[in-house]
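The primary structure of each chain is shown beneath.
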Amino acid sequence: MGGRKRLREEYENGGGRTWGIWNSIKKEFQFGIKERSPMLAEEKLFKKIGWNAAKYRFSAEAYPNETEKTLGLRYGLRYGGSGPLIPEERLKRLVREGKFKAPRLRRK
């Protein structure tokens, strides 16, 4: 399968994840949109706020799964905080065993 075709299929089918609208200025998901593909999430955003959805700050992003939340990747550099970029295998093993807890946020 070619690269362009694979990207198109992921855009239309979502790759089995839940997608929402990410605001890159506020560093948070907004509008409470949860869809099964980025295409459907963007379509719902356009229906909700009209042509303001075309602004550069809004993009369709996958919600973090449970492992990413536990590792603190939700609060990592991608999401506006400081956290591990690539977790070590030892840390992944601790998450699977249930011995690792997510770091707490200091801000409100």
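Please refer to the structure higher up on the page.
In this report, we go over the structure that sits alongside the text.

Cut-off values and rules
- The numbers attached to residues start from 1 for each chain and follow its sequence in the written order.
- Totals for whole chains, interfaces and linings use every residue, but because this is a predicted model, local features are given only for residues with pLDDT of at least 70 and side-chain atom pairs only at 80 or more, for both listing and counting.
- Hydrogens and water molecules were not included; the side-chain quantities draw on all heavy atoms of the structure.
- Comment: elements are numbered from the N terminus, with helices defined as DSSP H or I runs of at least four residues and strands as E runs of at least two.
- Contacts between residues were defined by any pair of non-hydrogen atoms, one from each residue, lying within 4.5 Å.
- Computed with a 1.4 Å probe, the accessible areas rest on the Shrake-Rupley method; for each residue, only the protein chains presented here act as cover.
- Only strands that DSSP links by at least two bridges are regarded as paired with each other.
- Here an angle of 0 to 180 degrees is reported between the N-to-C directions of two axes, which are lines fitted to C-alpha atoms, with helices fitted over the stretch in contact.
- Multiplying 1.5 Å by the residue count of a helix minus one yields the expected span of that helix.
- Residue exposure (1.4 Å probe, protein chains only): buried if accessible area is under 20% of the type maximum, exposed if over 50%, otherwise partly exposed.
- Our arc is simply the arc of the directions from the helix axis toward the C-beta atoms.
- Centres within 6.5 Å make a pair out of two Phe, Tyr or Trp rings, where for Trp the six-membered ring is used; the pair is then stacked when the planes are under 30 degrees apart, edge-to-face when over 60, and tilted otherwise.
- In this analysis the charged atom, NZ for Lys or CZ for Arg, is taken to sit over a ring once it is within 6 Å of the ring centre and within 35 degrees of the ring normal.
- Residue types Ala, Val, Leu, Ile, Met, Phe, Trp, Tyr and Cys, when buried and joined through side-chain atoms within 4.5 Å, form a set referred to as a nonpolar core.

Digging into the overall build of the chain
At step 1: Of regular secondary structure, the chain possesses four helices and three strands.
At step 2: Its helices and strands in sequence order give the chain the pattern α-β-β-α-β-α-α, from N to C terminus.
At step 3: Taking the intrachain contacts of the chain between residues at least 6 apart in sequence as the baseline, contacts between residues at least 24 apart amount to 50%.
At step 4: A total of about 8300 Å² of accessible surface is found on the chain, and carbon and sulfur atoms cover 50% of it.

Quick word on the sheet that holds strand 2 (residues 28-35)
At step 1: Here we have three strands laid out as an open sheet, ordered 2-1-3, and antiparallel in their pairing. Two strands lie at the open edges of the sheet, namely strand 2 and strand 3 (58-62), each paired on one side alone. For this sheet, the mean inter-axis angle between neighbouring strands, taken without regard to orientation, is 30°.
At step 2: Relative to strand 3, strand 1 (residues 19-23) runs antiparallel, the two sharing five bridges.

A closer look at helix 2 (residues 38-49)
At step 1: Helix length check: helix 2, at 12 residues, gives a terminal C-alpha distance of 17 Å against a target of 16 Å (1.5 Å per residue), a fit within 8%.
At step 2: Restricting attention to buried positions, one finds in helix 2 the residues P38, A41 and L45. Down the axis of helix 2, the smallest arc covering the buried residues is 60°, so these residues share one side.

Things to note about the packing of aromatic side chains
At step 1: The final tally for this structure, using the stated rule, is four aromatic pairs.
At step 2: Note on W22 and F29: the rings are 5.0 Å apart at their centroids and 70° apart in plane angle, and the pair reads as edge-to-face.
At step 3: One aromatic cluster is present, built from ring pairs that chain together W22, F29 and Y63.
At step 4: Positioned above the aromatic ring of Y63 is the side chain of K34, whose terminal nitrogen or guanidinium carbon lies 5.0 Å from the ring centre.

Quick notes on the nonpolar core
At step 1: Ranked by size, the top nonpolar core spans eight residues in total: W19, I21, I33, A41, L45, A53, F58 and A62.
At step 2: Elements supplying a minimum of two residues to this core: strand 1, helix 2 and strand 3.
At step 3: When near neighbours in sequence (up to four residues on either side) are disregarded, L45 contacts I21, F31, I33, G50, A53 and F58.

Regarding the environment of W19
At step 1: With respect to the helices, strands and loops of the structure, W19 is situated in strand 1.
At step 2: Considered as a pair, W19 and A41 are 22 residues apart in the sequence and their alpha carbons are 6.5 Å apart.

Points about the pairing of strand 2
At step 1: Here four bridges tie strand 1 to strand 2, and the two strands are oriented antiparallel to one another. From the neighbouring strand, W22 faces strand 2, where its bridge partner is F29.
At step 2: The hairpin turn running from strand 1 into strand 2, its antiparallel successor, is four residues long, and K27 in that turn takes a positive phi close to 55°.

Things to note about the environment of R8
At step 1: Locating R8 in the fold gives a position in helix 1 (residues 3-13).
At step 2: Spatially, the C-alpha atoms of R8 and M39 are 9.9 Å apart, while their sequence positions differ by 31 residues.

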